[in-house]
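# Descriptive structure summary
Single-letter residue listing:
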Amino acid sequence: MSDAMTGANGDVFRDALTKLERASAHRPVDPEVLLRLEHPKAMLHVSVPVRMDDGSLRVFEGYRVRHDDTRGPAKGGIRYHPQVNLSEVKALALWMTLKCAVAGIPFGGAKGGISVDPKTLSRLELERLSRGFIGHLGNFIGPETDIPAPDVYTNAMVMGWMMDEYSRLNGRRTPAVITGKPIHLGGSLGRDDATGRGAYYVIKELEQRHHWDPFATRVAVQGFGNAGQHVAALLHQDGYKVVAVSDSQGGIYREEGFDIPSLIHTKNESRKLRAVYCEGTVCEMVPAETVTNEELLELDVDVLIPAALEGQITEKNADRVQASTVVEVANGPTTSDGDAVLADRGITVVPDILANAGGVTVSYFEWVQNRGGLSWTLEEVQNRLSEIMSRETLAILELGEELGSDLRTAAYALALGRLGAAVEAQGTKGYFNDDGD
Ligand code: GLU
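Structural notes, computed from the coordinates. (Residues numbered from 1 in each chain as written. Predicted model: local features only at pLDDT ≥ 70, side-chain atom pairs only at ≥ 80, totals over all residues. Heavy atoms only, no water.)

Let us now look at the pattern of salt bridges. One pass over the full model with this rule turns up 31 salt bridges. Residues arginine 408 and aspartate 339 are paired through a salt bridge, measuring 2.6 Å at the closest nitrogen-oxygen approach. A residue pair is termed long-range when its members are at least 10 positions apart, and arginine 408 in helix α15 (residues 407-424) and aspartate 339 in helix α11 (residues 336-344) qualify at 69 residues. On the accessibility criterion, arginine 408 (4% relative accessible area) is buried. Exposure remark for aspartate 339: the relative accessible area of 9% places this residue in the buried category. Connected via shared salt-bridge partners are Glu127, Arg131, Asp164, Glu165, Arg168 and Arg173. (Salt bridge = Lys/Arg side-chain N within 4 Å of Asp/Glu carboxyl O. Helix = DSSP H or I, 4+ residues; strand = E, 2+ residues; numbered from the N terminus. Buried < 20%, exposed > 50% of the residue type's maximum accessible area, 1.4 Å probe, protein only.)

In this section: the environment of isoleucine 147. Position of isoleucine 147 relative to the elements: it lies in strand β6 (residues 146-147). Here isoleucine 147 is in contact with Arg64, Pro73, Ala74, Lys75, Gly76, Phe107, Gly142, Ala176, Val177, Ile178, Thr179 and Trp367, once residues within four sequence places are set aside. (Contact = heavy atoms within 4.5 Å.)

What follows deals with the state of the cysteines. This model, assessed by the stated rule, comprises one disulfide. With its sulfur 2.1 Å from that of its partner, cysteine 278 forms a disulfide with cysteine 283. Because the torsion about its S-S bond is 105°, the bridge between cysteine 278 and cysteine 283 counts as right-handed. Residue classification places cysteine 283 among the partly exposed residues on the basis of a relative accessible area of 29%. (Disulfide = S-S within 2.5 Å.)

With 86 residues, the main nonpolar core has Leu20, Trp95, Leu98, Val245, Ile260 and Ile305 as its most contacted residues. Among residues more than four places away in sequence, those in contact with valine 245 are Val221, Phe224, Gly251, Ile252, Ile260, Leu263, Leu273 and Leu296. (Core = buried A, V, L, I, M, F, W, Y, C linked by side-chain atoms within 4.5 Å.)

Turning to a nonpolar patch on the surface, a few remarks are in order. Among the surface-exposed residues, Ile183, Leu189 and Leu378 lie close enough to one another that they form a single nonpolar patch of about 230 Å² accessible area. Along the polypeptide, isoleucine 183 turns up in the loop between α6 (156-170) and α7 (194-210). On the basis of relative accessible area, isoleucine 183 is assigned to the partly exposed category, the value being 42%. (Patch = residues over 30% accessible without salt bridge, like charges linked within 9 Å, V, L, I, M, F, W, Y side chains within 5 Å. Areas by Shrake-Rupley, 256 points an atom, 1.4 Å probe, with all protein chains shown as cover.)

A separate point is the packing of α7 against helix α8 (residues 226-237). Here α7 crosses α8 at 40°, and the two axes come no closer than 7 Å. Considered as vectors, α7 and α8 are oriented oblique to each other. Considering only the axes of α7 and α8, their crossing is right-handed. Touching Thr195, Gly196, Arg197, Ala199, Tyr200 and Ile203 of α7 are Ala227, His230, Val231, Leu234 and Leu235, all from α8. Tallied by class, the residues present in the contact of α7 with α8 amount to seven nonpolar, three polar and one charged. (Axes fitted to C-alpha atoms, helices over the stretch in contact; angles between N-to-C directions. Parallel < 35°, antiparallel > 145°, perpendicular 65-115°, else oblique. Left-handed = near helix turned anticlockwise from the far one by under 90°. Nonpolar A, V, L, I, M, F, W, Y, C, P; charged D, E, K, R; others polar.)

Before going further, it helps to examine the sheet that holds strand β9 (residues 250-253). Taken together, the seven strands give an open sheet; going across it, the order is β12-β9-β8-β7-β13-β14-β15, and neighbouring strands pair in mixed fashion. Both outer strands of the open sheet, β12 (289-291) and β15 (348-350), are each paired with one neighbouring strand and no more. With strand direction ignored, the average angle separating the axes of adjacent strands in the sheet is 20°. Both strand β13 (residues 303-306) and strand β14 (residues 325-327) contribute to a ladder of two bridges, which runs parallel. Residue valine 303 lies in a different strand from β14, and its bridge partner there is threonine 325. (Pairing = 2+ DSSP bridges.)

The next thing to look at is the site of the ligand. What surrounds the ligand is a group of 14 residues, the closest being Lys75, Lys99, Pro150, Asp151 and Ser363. In this structure, an oxygen atom belonging to the ligand sits 2.8 Å away from a side-chain N or O atom of lysine 75. Side-chain polar atom of aspartate 151 to a nitrogen atom of the ligand: 2.7 Å apart, as the coordinates give it. Its free accessible area being 300 Å², the ligand has 95% of it covered by the protein chains. Contributions of two or more residues to the shell around the ligand are made by α4 (86-103) and α13 (357-372). Among the elements that take part in the shell around the ligand, α13 stands out by supplying three residues, more than any other. Of the residues assigned to the shell around the ligand, the class counts are four nonpolar, five polar and five charged. (Near = heavy atom within 4 Å. Polar contact = N/O pair within 3.5 Å; in protein donor to acceptor, adjacent residues only side chain to side chain.)

Given a rise of 1.5 Å per residue, 16 residues ought to cover 22 Å, and the 23 Å separating the end C-alpha atoms of α13 matches this to within 8%. Among the 16 residues of α13, 13 are classified as buried, and the element is accordingly described as predominantly covered. Glycine 373 sits one or two positions beyond α13 and adopts a positive phi of about 65°. (Expected span 1.5 Å × (residues − 1).)

A pair of packed helices can be characterised by two numbers: the angle between their axes and the separation between those axes. One can describe the packing of helix α2 (residues 12-26) onto α15 by two numbers: an axis separation of 9 Å at closest approach and a directional angle of 80°. As judged from the angle between their axes, α2 and α15 are roughly perpendicular. From α2, Lys19, Leu20, Ala23, Ser24 and His26 reach across to α15, where they touch Arg408, Thr409, Tyr412 and Leu416. Of the residues that constitute the contact of α2 with α15, the class distribution is four nonpolar, three polar and two charged.

What follows concerns unusual backbone geometry. Of note, tyrosine 153 is a non-glycine position whose phi angle comes to about 60°, a positive value. Position of tyrosine 153 relative to the elements: it lies in the loop between β6 and α6. You will see that arginine 271, though not glycine, has its phi angle at about 65°, which is positive. Here arginine 271 lies in the loop between α9 (260-270) and β10 (276-279).

In structure tokens:
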């Protein structure tokens, strides 16, 4: 993510606020709501010293931002990425506040991150860093205050270490402090594919509404991590032609579409994205073109799914996007300037705060199960997820029609309405100025 890619002079948080202000112009909201959202509730910046395997010491910068907890404890992932910085974490935390409001789950928003390239660390170094970070967060997090989860380049195992460390430091087993844990450490069934599956349920609603024929619908997916892999696999299963996918090293394109389970198999075995077709464990290369991550965004497809990092579609390339629908599975893949261009061109953008809300929704289920000592079946989890994703997608489609707006504006309006109700329930200027008659 270069500065040029983040809009608003590289300040991701400022750019996120621009989208918020734009949406609030469509549906008036009490100014106090916006005032609160502009100011994250609490921010922590820590330096985590880690003894490396070769005996040397390295210090990593880590952040946790609790953006808002009006609607419930703050919730959001922890990412490990070299480009993590405070402005980015603030923006990601703001999006979590809006996302939880869109999903209608009783959480506020938070986010955390460490500026590190986890691919350069050994497993032991990664464990020491993860435990060290939790040690530095102290009581900033907790099952009733702020609940972390996985995000870019963190996974269930990392969450397990973090939960264990928190429990050790507090002298009591506390599974509800973190979600996205391994199943055997209190994780929920269905959490691993929840983000991709949530996006899939949203796409199925669009399919119905616009009478798409999956077999004639070409899809490109930027990012082949957890979310990108699962949404690609589910669409492929339904007959969608996934013609392009990419990871951080670049992408592959094939007009006939790829066999997604084969790509997932090789990617997870070799860490490399390869154009292959596998019968069982025997994989053969299939003809395909290589494309860059930038080129993938401009391919002639129907549905474009950015599922990597923020700031990918900007005012510089938005006019070359050919897809008629963009489904934002990543957080913030479109800058506010890029968004304006897509809106002008009549491209439907399903915003991140709806499209990727499946992950935090199943995180909520995990938290509920941990606190209640419950263990739901996969079917139960998926049915509940499907119900929420479909309901909120329909609500946003309807609100968009009512407001005559794009879907991002409608999703923001829905979130602001719910947040506004919570803020107003505690009284705003209108209440306190009134004499009480
Ligand atoms: N990191 C995910 C997100 O951005 C999940 C957060 C969570 O489960 O709390 O939505």
